[in-house]
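Per-entry structural report
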Amino acid sequence: MIDVRHRPPVGLLPTPSGPASLPAGGSLGGHTAGQLLRLCEVAGLGAADAAGYAQVLTTALGPVALRPLSLPAPSRSFLSDDHTPVEFSLAFEAGQAPSLRVLLEPGGGVGGLARSGRSGLRAVRALARRWNFSTDPLDELEDLFFPLSPQGPLALWCALELRPGGVPRVKVYLNPAASGAERVSATVREALRRLGHPQAFTTLPESDRILFLALDLGDWDVPRVKVYTAHNNLSAAAAGGLSRKEDGPDPTEIEAFFRAAAGLENGQDTVLDRRPGLACHAFTESATGLPTGFTFHVPVRDYVRHDGEALERASALLRHYGADPAQLLDSVAAVTSRRPEDGTGLIAYLALAHQAGRPPRVTVYISSEAYRVRPPAVLSPRPGAVQEA
Ligand code: TRP
């Protein structure tokens, strides 16, 4: 069984009466900021950086940060299963300290997509002023992704990579269905063209849905434009054939990751039939027009009985890639006091990223569960699987 050591709350935790300018613990902002502060401590970030990042999180959430957790989630946010508009992740690279990231829906998604889009743009522009980076790539796409009557599951999400030093790297996620489900291909094709990747769209694999277009903004060595595609009923073999990146990864590596993350024994041939696998292709300056990055995501939460199992798989994958799972287990304890075996969905996705010129990276997505813990699953036994008593 996975042994998660519980951590006492850190001193920086907001209190209803204290001088801290963060919302109280029983509110959405207080809950998620508290998780973030403890995660920062696990990640070894300094108290001042952590406090700054927690402040950015609650500011970006806006008024819903003050909303008591006793009320329902502020919107039907697609960001997480229980509609918490915040999710954490840890990216592991062999021999390096993992990097901590937070994904959030500015404004918490309240008031519908049009208003949410305006909150989103305002929040990203505020970050850009604060850290002095350009929003030009986003501004160039405004008419495509922020029409008067937007459609689809989100308006704008924003992710921050929380580096030491208090200046995060910023990523923005946009909704290709904003101008209509029937315009998704045209929207993504035009966005990629405007961003200087006129051939990119034609290189993408066939998919059931294009979920996001994502932009790196701010201080990146090589900023990427990323396209996320969803693939229903995906088999390990089909996953192995998804990458359009030049020079690998080898299909067998993706297949092995698929099996390890989905919990399939070698030779067992099952498909991801409960929730689709996701591919993400990253485009950077390149002579060939081919993607320079490929990430494969397994929605592990729908293929486990409980989070103990998800953590076992995550830990095995991290060890396989030369990373130490200790910080993952400490991070889980920083986010929740429940036992992993008592729910499912705390670990939302496991992903494997290959980016040109860098070692492979394993990313583990950790839910906030501010509103609900999904009970352990009773999975129908797979043929040939041994059932436990
Ligand atoms: N909740 C959505 C999903 O599960 C979107 C999402 C949130 C997501 N975090 C993610 C997608 C991380 C991929 C990776 O699909």
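See the structure printed just above.
Residues numbered from 1 in each chain as written. Predicted model: local features only at pLDDT ≥ 70, side-chain atom pairs only at ≥ 80, totals over all residues. Heavy atoms only, no water.

Points about the nonpolar core
Ranked by internal contacts, the top residues of the largest apolar core, which has 97 residues, are Leu 174, Leu 213, Phe 296 and Leu 328. Every residue in contact with Leu 174, bar those within four places of it in the chain, is listed here: Leu 138, Leu 141, Phe 145, Phe 146, Ala 155, Leu 156, Leu 211, Phe 212, Leu 213 and Leu 215. Ala 159, Tyr 173, Leu 278 and Tyr 365 belong to the second-largest nonpolar core, a separate cluster that totals 17 residues. (Core = buried A, V, L, I, M, F, W, Y, C linked by side-chain atoms within 4.5 Å. Buried < 20%, exposed > 50% of the residue type's maximum accessible area, 1.4 Å probe, protein only. Contact = heavy atoms within 4.5 Å.)

Side note on the pairing of strand E9 (residues 347–355)
Within E9, 9 of the 9 residues are buried, leaving the element largely enclosed by the surrounding structure. Relative to E9, strand E8 (residues 293–298) runs antiparallel, the two being bridged by 6 bridges. Each residue of the ladder has a partner; that of Val 298, found in E9, is Leu 350. Of the strand pairs in this sheet, E9 and strand E10 (residues 361–367) are connected by 5 bridges, and their pairing is antiparallel. Residue pairing for E10: Leu 352 is matched across the bridge by Val 362. Hairpin connection between E9 and E10: a loop of 5 residues separates the two successive antiparallel strands, and Gly 357 in this loop has a positive phi of roughly 80 degrees. (Helix = DSSP H or I, 4+ residues; strand = E, 2+ residues; numbered from the N terminus. Pairing = 2+ DSSP bridges.)

Re the side chain of Lys 245
For Lys 245, the location among the structural elements is in the loop between helix H8 (236–240) and helix H9 (251–262). Of the side chains with opposite charge, Asp 247 comes closest to the buried, unpaired Lys 245, at an N-O distance of 6.1 Å. A distance of 3.1 Å separates a polar side-chain atom of Lys 245 from the backbone oxygen of Asp 247. Those residues in contact with Lys 245 that sit more than four places away from it in its chain are His 281, Pro 291, Thr 292, Gly 293, Phe 294, His 354, Gln 355 and Ala 356. (Lys, Arg positive; Asp, Glu negative; His and termini not counted. Salt bridge = Lys/Arg side-chain N within 4 Å of Asp/Glu carboxyl O. Polar contact = N/O pair within 3.5 Å; in protein donor to acceptor, adjacent residues only side chain to side chain.)

What to know about the sheet that holds strand E7 (residues 277–283)
Spatial ordering of the closed barrel is given by E1-E2-E3-E4-E5-E6-E7-E8-E9-E10, a layout of 10 strands whose pairing is antiparallel. For this sheet the average axis-to-axis angle between neighbouring strands, irrespective of direction, equals 20 degrees. In the packing of helix H6 (residues 184–194) onto the sheet, the strands contacted are strand E5 (209–217), strand E6 (225–231) and E7, and the crossing angle to E5 comes to about 20 degrees. On the sheet, helix H10 (residues 307–320) packs against strand E1 (86–93), E9 and E10 and is oriented at approximately 15 degrees with respect to E9. (Axes fitted to C-alpha atoms, helices over the stretch in contact; angles between N-to-C directions.)

Points about unusual backbone geometry
Omega for the peptide link from Gly 248 to Pro 249 comes to 10 degrees, which places this bond in the cis form. Here Pro 249 is to be found in the loop between H8 and H9. You will see that His 83, though not glycine, has its phi angle at about 75 degrees, which is positive. Structurally, His 83 is set in the loop between helix H2 (47–61) and E1. Backbone geometry places Glu 369, a non-glycine residue, at a positive phi of 55 degrees. Relative to the helices and strands, Glu 369 is located in the segment after E10. Overall, the relative accessible area of 11% leaves Glu 369 in the buried class.

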